[in-house]
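Letter by letter, the chains look like this.
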Amino acid sequence: MTDATPPVLESEPSAAAALFGDRIELARSFTASLAEQGETLGLIGPRELPQLWSRHILNSALLAPLLRGRVGDVGSGAGLPGLVLAIARPDVELTLIEPMERRTDWLQSEVDRMALPNVRVLRARAEDLHGNGQLLPLDQVTARAVSALRTLIPLTAPLVRSAGELILLKGGRAQDEIAAAQKVIRKHRLQDVEVLELGGEHGLETTRVVRAVVDP
Ligand SMILES: C[S@@+](CC[C@H](N)C(=O)[O-])C[C@H]1O[C@@H](n2cnc3c(N)ncnc32)[C@H](O)[C@@H]1O
C-alpha cells in the first residue's frame, strides 16, 4: 500500500520576514510559484514541499548579507540560491548561469513575472564563460549543490575578478572538501579560505558556507 497523502507546503517560518524584510511578498510569490510548478517542471521533488522554505528558500537567503556588486550564481537550477538572492538584495546585480534550457526558461519566466530588474539569466556552462569580456569581471560567485570543491573551484574561480570572492554553500563535510581541494586552491591562488556557519542566529539549521578570496 502507498501513502496517498499529498505533501503539503511548509508554512512560512518566522525567520522569513527577518531575512527578506520589505521583499517578503516577492519571496512568498516565488516560493508559491516553485511549490506549484517545481515538480511538474522537474525542478524539485515532491518530498521537498514540506521543507521548501527552510531547506531551500531560507538556506539560500542566508547568503544575502555577504553579497556586493556584480554576482554570478553558477548552476542556479530552480533559482537557488541566485534568484532568491536577487529578491533579497535588489541593490546587487545577479547573473544566473545555468546550462539546461528547461531551467533557464523557468528562471527567465520568474524574472519576467516578478519584474526583477537586477537579474540576467545566461544559458551556459560556467567553464564556457571563462575569459568572456561581456560577463566578467564578477565581484563574487555563488553556487549550491553543483559539485565538490575540487571540481567547483576550477569552474568558478576564473569568473571572479582579482580580490573577488567565492561564496559556496556546502554541507557538513565542508572542511573535508577543503582538505581534498588543496591542489586547486593553490592553483587558483585562493586566500583566506574559511567556513562560515550561518542560520543559528535565525533559529534555522546550521548552513555551512565556504568563502575564499580569489587571486588577490
Ligand atoms: C543539483 S543542481 C542544483 C541546483 C541549485 N543550485 C540548487 O541548489 O537547487 C546542479 C545544477 O548545476 C547545473 N550545472 C552542472 N554543471 C554546470 C556547469 N559546468 N556550469 C553551470 N551549471 C552547471 C545543472 O544544470 C543543475 O541545474
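Note that this is a predicted model, so its numbers are computed, not measured. (Residues numbered from 1 in each chain as written. Predicted model: local features only at pLDDT ≥ 70, side-chain atom pairs only at ≥ 80, totals over all residues.)

### Describing unusual backbone geometry
Excluding glycine, most residues fall at negative phi; most peptide bonds, likewise, are trans. Going from Leu-80 to Pro-81, the amide bond is cis rather than trans, its omega being 0°. Relative to the assigned elements, Pro-81 resides in the loop between β1 (70-74) and α4 (82-88). We note that Ala-145 has phi near 60°; this positive angle belongs to a residue other than glycine. Structurally, Ala-145 can be placed in the loop between β4 (138-144) and α6 (149-156). Positive phi outside glycine occurs at Asp-215, with the angle close to 40°. Residue placement: Asp-215 occurs in the segment after β7 (207-214). For Asp-215, a count of 14 C-beta atoms within 10 Å gives the class partly exposed. (Helix = DSSP H or I, 4+ residues; strand = E, 2+ residues; numbered from the N terminus. Buried ≥ 20, exposed ≤ 12 C-beta atoms within 10 Å, placed from the backbone.)

### Section: the sheet that holds strand β5 (residues 160-170)
Ordered by their spatial adjacency, seven strands build an open sheet running β3-β2-β1-β4-β5-β7-β6, and the pairing between neighbours is mixed. With one partner strand each, in any of the chains shown, β3 (119-122) and β6 (190-198) form the two edges of the open sheet. The average undirected angle you get between the axes of adjacent strands in this sheet is 20°. As judged from the six bridges shared by β5 and β7, these two strands associate in the antiparallel manner. Pairing of Ile-167 across the sheet is with Arg-211, part of β7. (Pairing = 2+ DSSP bridges. Axes fitted to C-alpha atoms, helices over the stretch in contact; angles between N-to-C directions.)

### A word on the site of the ligand
Surrounding the ligand, one finds 18 residues, the nearest of these being Gly-75, Gly-77, Ala-126, Arg-144 and Ala-145. Among the residues forming the shell around the ligand, the class breakdown is ten nonpolar, three polar and five charged. (Near = placed C-beta within 6 Å. Nonpolar A, V, L, I, M, F, W, Y, C, P; charged D, E, K, R; others polar.)

### Points about the UniProt feature "binding site: S-adenosyl-L-methionine" (unreviewed entry) in the protein
Feature annotation in UniProt places "binding site: S-adenosyl-L-methionine" (unreviewed entry) on Gly-75, Leu-80, Ala-126, Glu-127 and Arg-144, given in this structure's numbering. On the secondary structure map, Glu-127 appears in the loop between β3 and β4. Considering the arrangement of structural elements, one finds Arg-144 in strand β4. A count of 23 C-beta atoms within 10 Å places Arg-144 in the buried class. What Arg-144 contacts, discounting residues up to four positions off in sequence, is Ser-60, Leu-80, Pro-81 and Leu-169. (UniProt positions renumbered as here; feature names shortened; annotations may be inferred. Contact = placed C-beta atoms within 7 Å.)

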